[in-house]
Amino acid sequence: MKELELKYGCNPNQKPSRIFMKKGELPIRVLNGKPGYINFLDAFNGWQLVKELKKATGLPAATSFKHVSPAGAAVGLPLSEIEAKIYWVDDLDELSPLAAAYAGARGADRMSSYGDFICLSDVCDVSTAKIIQREFSDGIIAPGYEPEALELLKGKKKGNYAIIQIDPDYVPEPIEQKEIYGITFEQGRNELNIDDGFFQNVVTENKEIPEFAKIDMAIAMITLKYTQSNSVCFVKGGQAIGIGAGQQSRIHCTRLAGSKADNWLLRQSPQVLNLPFIDGMKRAFRDNAIDLYIGEDYMDVLAEGEWQKVFTEKPPVFTKEAKEAWIKEYARDVTLGSDAFFPFSDNIDRAYKSGVKYIAQPGGSIRDNDVIEACDKYGMAMSFTGLRLFH
């Protein structure tokens, strides 16, 4: 198949629409449903991300894509009991490594990943399909599907769930093109090869970057490669816990991603874990309620007449002081990646508040020394990669 006609482009008024190959055959098969234009943008960007994560770490990888940027990404490391609970997978049997990867990619920022397009590095197994089966999602791309897993997925969205199989051996041309306003842009593909030497240029007084942090650095940098710039990524335990995408100011990226990382940690506090939800409440409504409860607009869910719709009894306010104390106590060993240099040390000050200990960034700012000095003040280890990753 050289081309595939689509219903419309980015928006319903953009017709006609198709994907096609100038040379050879399309490297995909649509096994179910009718993926759309944006679905394919998410699928092809996300597939590259997980394929590169698998190559860099040797672990199965998954990403949850929304609007051509990742909402989450993770590799197949075991989840803690608390992580399984806040990702709503604690009721399932033991998860396969691929299932754990998707649970982390989907679960770390559940508000952003709602209605995602799923990308998997490995053949989708039953364990992973059982998680996907009960989540609201637009579709999936993977190099293959176990027969039972495929049948589970085909039952989603009244049989219309988009399922794409991609040839894992497909290699694109080294030169890529895109057309804007009738003008063709051409460039070499952005090839990122994470190897043992990638993070060796440690420029801070603290030179210690343990193996787990190097894995988290790889996840951060590969995730950023497919995230709309400017972007930064907080990673902990093999999963992106906060992605700040598409901001013109880097400090706004850092604040956005840091607040998401803080929310991930706050969701693990006893005050949130023990919220008395009414029986039968769907996961998406619980996610919305938790997001309000731990945020500044908590009265939207605690006001009289509102809390009764969500809880069996009114929970106490999660005060600013209590939240700050929890984060200060438990935020540690977090990795931060940036797609370009940090222009000011305020990014480091903000990162420290969310427990950042390890940083990977290209370097190259006229204020690099200020940034290094701030890292030294907090005892952080920072690597200059020398490679910008705008997308």
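The structure this text deals with has already been given above.
Quick caveat, the model's predicted, so the values are computed rather than measured.

Criteria and thresholds
The residue numbering used here restarts from 1 in each chain and proceeds along that chain's sequence as written. For this predicted model, a pLDDT threshold of at least 70 governs which residues receive local features, and a threshold of 80 or more governs which side-chain atom pairs are given and counted, while totals over whole chains, interfaces and linings are taken from all residues. Think of the side-chain values as coming from all heavy atoms in the structure, minus any hydrogens and water. A run of H or I in DSSP becomes a helix once it reaches four residues, and a run of E becomes a strand once it reaches two; helices and strands are each numbered from the N terminus. Throughout, radius of gyration means the C-alpha value; the globule benchmark is 2.2 Å times the number of residues raised to the power 0.38. Exposed residues in this analysis have more than 50% of their type's maximum accessible area, buried residues have under 20%, and partly exposed residues fall in between, with area computed by a 1.4 Å probe over protein chains only. By this rule the span expected of a helix is its residue count minus one, scaled by 1.5 Å. We call two strands paired when DSSP finds no fewer than two bridges between them. For the purposes of this section, nonpolar cores are sets of buried Ala, Val, Leu, Ile, Met, Phe, Trp, Tyr and Cys residues that join through side-chain atoms within 4.5 Å. The contact rule is simple, with two residues in contact once any of their heavy atoms fall within 4.5 Å. Geometry is summarised by axes, namely lines fitted to C-alpha atoms with helices restricted to the contacting stretch, and by angles between N-to-C directions that run from 0 to 180 degrees. Orientation categories follow fixed angle ranges, with anything under 35 degrees roughly parallel, anything over 145 roughly antiparallel, 65 to 115 roughly perpendicular, and all other angles oblique. Here the nonpolar group is Ala, Val, Leu, Ile, Met, Phe, Trp, Tyr, Cys and Pro; Asp, Glu, Lys and Arg are the charged ones; every other residue, Gly included, is treated as polar.

Let's talk about the overall build of the protein
Here comes step 1: Counting its secondary structure elements, the protein contains 14 helices and 15 strands.
Here comes step 2: Against the globule reference of 21 Å for 391 residues, the protein gives a C-alpha radius of gyration of 21 Å, in line with a compact fold.
Here comes step 3: Each principal axis of the C-alpha atoms in the protein carries an extent, and together these give about 60 × 55 × 40 Å.
Here comes step 4: Sorting the 391 residues of the protein into buried and exposed places 51% on the buried side.

Some remarks on unusual backbone geometry
Here comes step 1: Backbone torsion omega between Lys15 and Pro16 reads 0°, so that peptide bond is classified as cis.
Here comes step 2: You can see Pro16 is positioned in the loop between strand 1 (3-6) and strand 2 (17-20).
Here comes step 3: Between Ser229 and the following residue, Asn230, the backbone shows a cis peptide bond with an omega angle of -10°.
Here comes step 4: Tracing the backbone through its elements, the reader meets Asn230 in the loop between helix 7 (211-225) and strand 11 (231-236).
Here comes step 5: With a phi angle near 60°, Trp88 is a residue other than glycine that sits in the positive phi range.
Here comes step 6: Tracing the backbone shows Trp88 in the loop between helix 2 (81-86) and helix 3 (97-107).
Here comes step 7: Judged by its relative accessible area of 15%, Trp88 is buried.

Points about helix 1 (residues 37-57)
Here comes step 1: Here helix 1 contains 21 residues, and its C-alpha end-to-end distance of 30 Å stays within 8% of the 30 Å for a straight helix at 1.5 Å per residue.
Here comes step 2: When we look at burial in helix 1, the residues that qualify are Asn39, Phe40, Asp42, Ala43, Asn45, Gly46, Trp47, Leu49, Val50, Glu52, Leu53 and Thr57.
Here comes step 3: Where helix 1 ends, the next residue or the one after it, Gly58, has phi of about 75°, a positive value.

A few points about the pairing of strand 8 (residues 162-166)
Here comes step 1: Within strand 8, four of the five residues are buried, leaving the element largely enclosed by the surrounding structure.
Here comes step 2: Where strand 3 (residues 28-32) and strand 8 come together, four bridges link them in antiparallel fashion. The partner of Asn32 across the bridge, within strand 8, is Ile163.
Here comes step 3: Sheet analysis places strand 7 (residues 137-142) next to strand 8, joined by four bridges and oriented parallel. Counted as the bridge partner of Ala142 is Gln165 from strand 8.

Re the nonpolar core
Here comes step 1: Counting 69 residues, the largest nonpolar core has Leu120, Ile140, Leu153, Phe234 and Ile359 as its most contacted members.
Here comes step 2: Excluding its chain neighbours within four sequence positions, the residues that come into contact with Leu120 are Trp47, Val50, Ala61, Ala62, Leu98, Tyr102, Thr128, Ile140, Ile141, Ala142 and Pro143.
Here comes step 3: By size, the runner-up hydrophobic cluster in this structure holds 46 residues, among which are Leu4, Leu6, Ala73 and Ala220.

Notes on the packing of helix 8 (residues 250-266) against helix 13 (residues 346-353)
Here comes step 1: Running from N to C, helix 8 and helix 13 point in directions that differ by 0°, and their axes come no closer than 9 Å. Relative to helix 13, the element helix 8 lies roughly parallel. Touching Arg250, Ile251, Thr254, Arg255, Gly258, Ser259 and Asp262 of helix 8 are Asp346, Asn347, Arg350 and Ala351, all from helix 13.
Here comes step 2: A class-by-class count of the residues in the contact of helix 8 with helix 13 yields two nonpolar, four polar and five charged.

Function-wise, these values are silent; they only describe arrangement.
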